[in-house]
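Structural features, examined
Chain residues, written in single-letter form:
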Amino acid sequence: MVVVKPGMRVVRGPDWNSKKQDNGEGFLGTIIYVPKKGSSDNKVTVIWDSGRELRYRAGHDGKCDLRVFDAAPAGIIHKNIVCDSCGDDPIKGMRWKCCNCKDYNLCTPCYMQNKHDLSHGFVRMDMDQSVAYPVPPRSKATKMATAKGVFPNAEVMRGPHWKYKNEDGGEGEVGKVIKLVTWNNNSYRGGVQVKWKSMSDIKTFRLGGEGCVDVIYTRVTEDASGGNYYPEHLPRVDVVSPGAVPLKPGDKVTVNLSLQHLKTLQDNEMYGGWDEEMKQVIGKLGRIIKKDQDGDLRVKIEGNSWIFSPVCCQVVDDPKLADKIPQLTSSDEEDSDGSMDGSVGTGMNAVAESIAQLFVDMLRGTPGVDQGKENIVQAAANGELAVVKAVLKSYPDKVDQEVEGKSALQIACYYGHKDIVDFLLENKADVNKTDSEGDTPVHYATFGKENAILEILLKMGAKKDVKNKKGQAAIHIAVGTASVECTQVLVNHGCDVSIQVL
Ligand SMILES: [Zn+2]
Ligand SMILES: [Zn+2]
């Protein structure tokens, strides 16, 4: 669980809908104000590296506009834990622990710089001794972004909290960032060394240190990058439920890790224990029957119940999937005696941060999905155009094949894999194909907030006002997910905005 603090460096997050206030995906900002605990204010104040100061939702109405890019400037360290790649001792900011190797840890910069085997799954620990959140192997990541802003080589000028008179040579003078350093012995990567053009010494200023921002960039240069990062592996900035959402009986979950990842986590003596039979439930949907005193969960999956560590269970937060899980029967309810108290805070909600990853893992982990080694739906989910092409070359009639009730076009639309969408449409994929919920590719693109894909579908003549079984047309979803771009596309294509649900 990440406790949000001033000084943390952030990027846009899962519910971002503020266009280019941040200057584009990957641009960094600094949290300068966090409301007091218990306050009804659920927004944090950020100064973007461009100097713009704005407020963002941090759990307000369940929405998180930001993710933590680096917690180190807020002084977070992991005592006695050393980065096994760069040797940083102790690890500052978030800690990444390999699930395949014994005692192997990375710091955030090393994790993001692709140190260690990319096929190994990790758990992320946000603070010393905190709950571990599993993240999928980096080789399976569906998304990468490039960090930009005040990084080495950036051209900067004095910013909002400047208090150093004319140490920069005077108002409006520019300088060049040399490197990120520690500010005041406790704000790691919370200071920035700058060489001002008209001054001879190199001096250090705050960029997160003391929750302040002394310098901002003047323009974005190509060589001033903070490297790539995995947005979906970062914690969301949430002051309402900081990652620790206790699971309770009745909640819908899926055990959704690779076999080895699951085995390693269950095998760890902290957790629920491993049983070879467990592999058959990977990727399936279940419901929690009971929570033990030590936090282990009894999960009912297809009529049997299993004990899982909470870190292995991911909340199914996609209503489309959740509806498919049967309710508990009265005998299940009796089984959940009074031993659960809801006090064991575990972080699996953070695990389910992206519906996207859920789909990928389900498709990867569900036994019986792989019909032969190549599967067009999985390839579409993974963005593997070459595999999609290969499958269709051998089996041109498989273009609308369903796996788990979904077609390749639907999945590719959801993920925004434009090249695959184009290719599938060229190969006569059914542009109006419905799944068992009545959702069409237009619905999927809208669920994924993929406005560019939506545009392609509508140009291809996809039906725009068709309703799914819940009575929702794409316009309802676009509005409901606060996707301004998708709403605009639909309106531009003459969608009926007054259309009623059912
Ligand atoms: Zn490192
Ligand atoms: Zn490893």
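Residues numbered from 1 in each chain as written. Chains lettered and ligands numbered in written order. Predicted model: local features only at pLDDT ≥ 70, side-chain atom pairs only at ≥ 80, totals over all residues.

What follows concerns the overall build of the chain. Broken down by element type, the chain carries 14 helices and 26 strands. Buried positions account for 49% of the 502 residues belonging to the chain. Here the analysis covers contacts within the chain between residues at least 6 apart in sequence; of these, 64% occur between residues at least 24 apart. (Helix = DSSP H or I, 4+ residues; strand = E, 2+ residues; numbered from the N terminus. Buried ≥ 20, exposed ≤ 12 C-beta atoms within 10 Å, placed from the backbone. Contact = placed C-beta atoms within 7 Å.)

Tracing the backbone through its elements, the reader meets histidine 493 in the segment after helix H14 (484-492). We classify histidine 493 as partly exposed; it has 17 C-beta atoms within 10 Å. Each C-alpha atom, one on histidine 493 and one on lysine 464, is 8.1 Å from the other, the two residues being 29 residues apart in sequence. Apart from the residues within four sequence positions on either side, histidine 493 is in contact with Leu458 and Lys464.

All right, on to unusual backbone geometry then. Look at the link from aspartate 89 to proline 90: it is a cis peptide, with omega at -10°. Counting through the fold element by element, proline 90 comes out in the loop between strand S7 (77-78) and strand S8 (91-92). The phi dihedral of asparagine 80 is positive, around 65°, even though this residue is not glycine. Position of asparagine 80 among the secondary structure elements: in the loop between S7 and S8.

Strand direction decides the pairing type here: strand S14 (residues 155-158) and strand S15 (residues 175-183), joined by two bridges, are antiparallel. Directly across from glutamate 155, in S15, lies its bridge partner lysine 176. Strand direction decides the pairing type here: S15 and strand S16 (residues 187-196), joined by seven bridges, are antiparallel. By the bridge assignment, glycine 175 is partnered in S16 with tryptophan 196. Between the end of S15 and the start of S16, which pair antiparallel, lie three residues, with asparagine 184 showing a positive phi angle near 60°. (Pairing = 2+ DSSP bridges.)

Looking now at the nonpolar core. Grouped together as the largest cluster of nonpolar side chains are 77 residues, with contacts concentrated most on Val10, Val44, Val46, Val150 and Val299. Residues from two domains meet in this core; each of domain 1 (147-228) and domain 2 (252-353) gives at least three. Contacts of valine 46, omitting those with residues within four sequence positions, involve Val10, Gly29, Thr30, Ile31, Ile32, Leu54, Tyr56 and Leu66. With 42 residues, the next largest nonpolar core counts Ile420, Leu425, Ala429 and Ile453 among its residues. (Core = buried A, V, L, I, M, F, W, Y, C linked by C-beta atoms within 7 Å. Domains from an automatic or database assignment.)

Moving on, we come to the packing of helix H9 (residues 408-415) against helix H10 (residues 418-426). Put simply, H9 and H10 touch, their axes get as near as 8 Å, and they point 150° apart. The pairing of H9 with H10 is recorded here as roughly antiparallel in orientation. Crossing angle aside, the handedness with which H9 passes H10 is left-handed. Seen from H9, the contacting residues are Ala408, Leu409, Ala412 and Cys413; seen from H10, they are Ile420, Val421 and Leu424. Its residues assigned to classes, the contact of H9 with H10 shows seven nonpolar, no polar and no charged. (Axes fitted to C-alpha atoms, helices over the stretch in contact; angles between N-to-C directions. Parallel < 35°, antiparallel > 145°, perpendicular 65-115°, else oblique. Left-handed = near helix turned anticlockwise from the far one by under 90°. Nonpolar A, V, L, I, M, F, W, Y, C, P; charged D, E, K, R; others polar.)

Below, the discussion takes up the confidence of the model for the chain. Across the chain, pLDDT averages 82, with 82% of residues at or above 70. Within the model, pLDDT remains below 50 along residues 333-373, and this stretch shows 98 contacts once partners closer than five positions in the same chain are excluded. (pLDDT = per-residue confidence, 0-100.)

Right, let's get into the sheet that holds S14. Spatially, five strands are ordered S17-S16-S15-S14-S18 in an open sheet, and the strand pairing comes out antiparallel. The outermost strands of the open sheet, each flanked by one partner alone, are strand S17 (202-206) and strand S18 (215-219). Strand after strand, the sheet turns through a mean of 50° between neighbouring axes, direction not considered.

With that settled, consider the sheet that holds strand S3 (residues 43-48). Pairing in this open sheet of six strands is antiparallel, and the strands run S5-S4-S3-S2-S1-S6 from one edge to the other. Every other strand in the sheet has two partners, leaving strand S5 (63-64) and strand S6 (66-70) as the edge strands with one partner each. Two elements, strand S1 (residues 9-12) and strand S2 (residues 29-33), share two bridges in a ladder whose sense is antiparallel. Along S2, the bridge assignment pairs valine 10 with glycine 29.

In this fold, asparagine 184 is placed in the loop between S15 and S16. For asparagine 184, a count of 12 C-beta atoms within 10 Å translates into the label exposed. Taking the C-alpha atoms as reference, asparagine 184 lies 7.6 Å from glycine 209; in sequence the two are 25 residues apart.

Now for the packing of helix H12 (residues 451-459) against H14. It is at 9 Å that the axes of H12 and H14 come closest, and there the two elements cross at 15°. One element, H12, and the other, H14, form an angle in the roughly parallel class. Between H12 and H14 lies a crossing of right-handed hand. Contact residues: Asn451, Leu454, Glu455 and Leu458 in H12; Glu485, Cys486 and Val489 in H14. Residue composition of the contact of H12 with H14, by class: four nonpolar, one polar and two charged.

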